[in-house]
Amino acid sequence: MMRFILPLVIFLVLSVFLYMGLGRDTREVPSPLVGKPAPAFMLPMLHDAEKKFSPQDMQGQVWLLNVWASWCGACKDEHPLLMQLSRQNIVPIVGLDYKDKIEDGIATLQKAGDPYTFTIADADGKVGFDYGVYGVPETYVIDKQGVIRFKLIGAVTQQNLKEVILPLVKELQAK
Amino acid sequence: MKYLLMVLLCLLPTFAIAGEAVDIADDPVMESRMIKLAEKVRCLVCQSEPVSTSHADWSNDVRQIMREKMKAGATDQEILDMLVERFGKSVLFDPPVDKETMPLWAAPFVLLLMGAVLLYYQLRKRTGLIKEASLSIQDEQRVAELMNEPSTAQADLTNSSKDSQA
């Protein structure tokens with residue numbers, strides 16, 4: 001009997017691990033920044049370089065930091081969803097225009113619509129680097145105390161918005 | 001004179017190549033130190049390639065930041081720590097041994113040990129299974145005959161070899 005059970009158990013365990021591996025995107029690196037305070041910075045607004053933005057300004061509210069760029073294709077996919085989210089007025093979205101020309105960023109928002117409460121320009125990508133950005137788009141959920149609670153690598157979709165981001169935002173807002 | 005000119009003309013392309021190599025950093029010593037360090041860092045956009053050889057935009061940024069940090073006097077370890085802080089341990093090709101990565105490092109040795117233990121018990125079980133084959137009476141007599149008459153056996157052998165030669 002052992003003769004059959006042992007290989008079967010080994011096979012089943014291996015199958016489970018392989019199956020879990022199938023569903024995972026190896027490009028998605030778990031961010032060590034989740035659970036840590038959002039790195040501080042001071043950046044000019046995209047539309048008015050005179051005005052500056054710092055994460056400190058959002059203290060006391062839950063907010064989303066959405067990293068995007070005019071040259072990024074997947075950002076165009078998630079853009080309608082962000083527009084819809086901003087119309088619902090659930091949570092402020094701050095856009096970080098990553099490694100982009102200011103005029104290109106402004107033109108994109110003029111053409112497609114502007115879902116952002118604030119848009120900040122990270123022309124040289126230094127702030128993006130501090131936030132561990134290595135692909136655009138990326139979206140961070142930051143809580144009232146300024147702690148990063150979640151990082152989404154890739155585009156916002158109907159599914160991850162409904163299943164992950166919005167429930168988390170609601171939970172953090174209730175705190 | 002014509003030949004000399006031709007030889008010189010042939011040399012022209014080599015000058016062109018020399019002109020193409022752009023000096024990236026003003027300090028070649030630091031540049032080589034940076035490349036050495038960048039070999040240890042995984043390019044997150046290209047996964048299996050180190051930052052030192054990758055042409056990805058992100059790798060360019062990382063190399064630039066390494067140069068800046070080195071200029072500011074940061075040690076290699078400080079730069080690696082900074083990268084791990086932002087991108088996690090998987091940016092390092094050789095992740096450190098700690099609580100989180102311990103199972104990965106230990107697993108091969110644990111499996112090896114398990115295999116050795118299993119093998120030991122299997123072999124012990126086998127020695128119990130081996131029984132000495134008992135010989136029948138006829139066989140025993142034949143053995144005794146063969147053992148007691150080496151001369152005849154020898155004779156047989158020489159005979160047969162002669163036969164084969166004939």
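Scroll up to find the structure.
Figured I'd write up the structure that's included with this text. It should be emphasised that the depicted structure is a prediction, and the values quoted were computed from it without experimental measurement. (Residues numbered from 1 in each chain as written. Chains lettered and ligands numbered in written order. Predicted model: local features only at pLDDT ≥ 70, side-chain atom pairs only at ≥ 80, totals over all residues.)

**Description of the overall build of chain B**
As a reminder, the rule being used: Think of it this way: any DSSP run of H or I at least four residues long counts as a helix, any run of E at least two long counts as a strand, and we number them from the N terminus. Burial in this document is a count-based property: other C-beta atoms within 10 Å of a residue's C-beta are tallied, and the residue is buried at 20 or more, exposed at 12 or fewer, or partly exposed in between, with C-beta positions derived from the backbone.
On a plain count of helices and strands, chain B comes out with seven helices and zero strands. In chain B, the succession of α and β elements from N to C terminus is α-α-α-α-α-α-α. Taken over 166 residues, chain B has a buried fraction of 11%.

**Points about unusual backbone geometry**
Residue and element names in this part refer to chain A. With an omega of 0°, the peptide bond between Val 136 and Pro 137 qualifies as cis. By the secondary structure assignment, Pro 137 is in the loop between helix H4 (126-130) and strand S6 (138-142). Unlike most non-glycine residues, Asn 89 shows phi in positive territory, near 60°. The residue Asn 89 is located in the loop between helix H2 (73-88) and strand S4 (93-98) in this model. Even without being a glycine, Lys 99 presents a positive backbone phi close to 45°.

**Points about the interface of chain B and chain A**
The criterion, for reference: The contact criterion used here is simple: two residues whose C-beta atoms, placed from the backbone, lie within 7 Å are in contact. Polar here means any residue outside two lists: the nonpolar Ala, Val, Leu, Ile, Met, Phe, Trp, Tyr, Cys and Pro, and the charged Asp, Glu, Lys and Arg; Gly therefore counts as polar.
Between chain B and chain A, the contact holds 11 residues from the first and 13 residues from the second. Mapped by element, the contributors of at least two residues to the side of chain B that touches chain A are helix H3 (57-71) and helix H4 (76-87) of chain B. When its residues are assigned to classes, the side of chain B that touches chain A shows five nonpolar, three polar and three charged.

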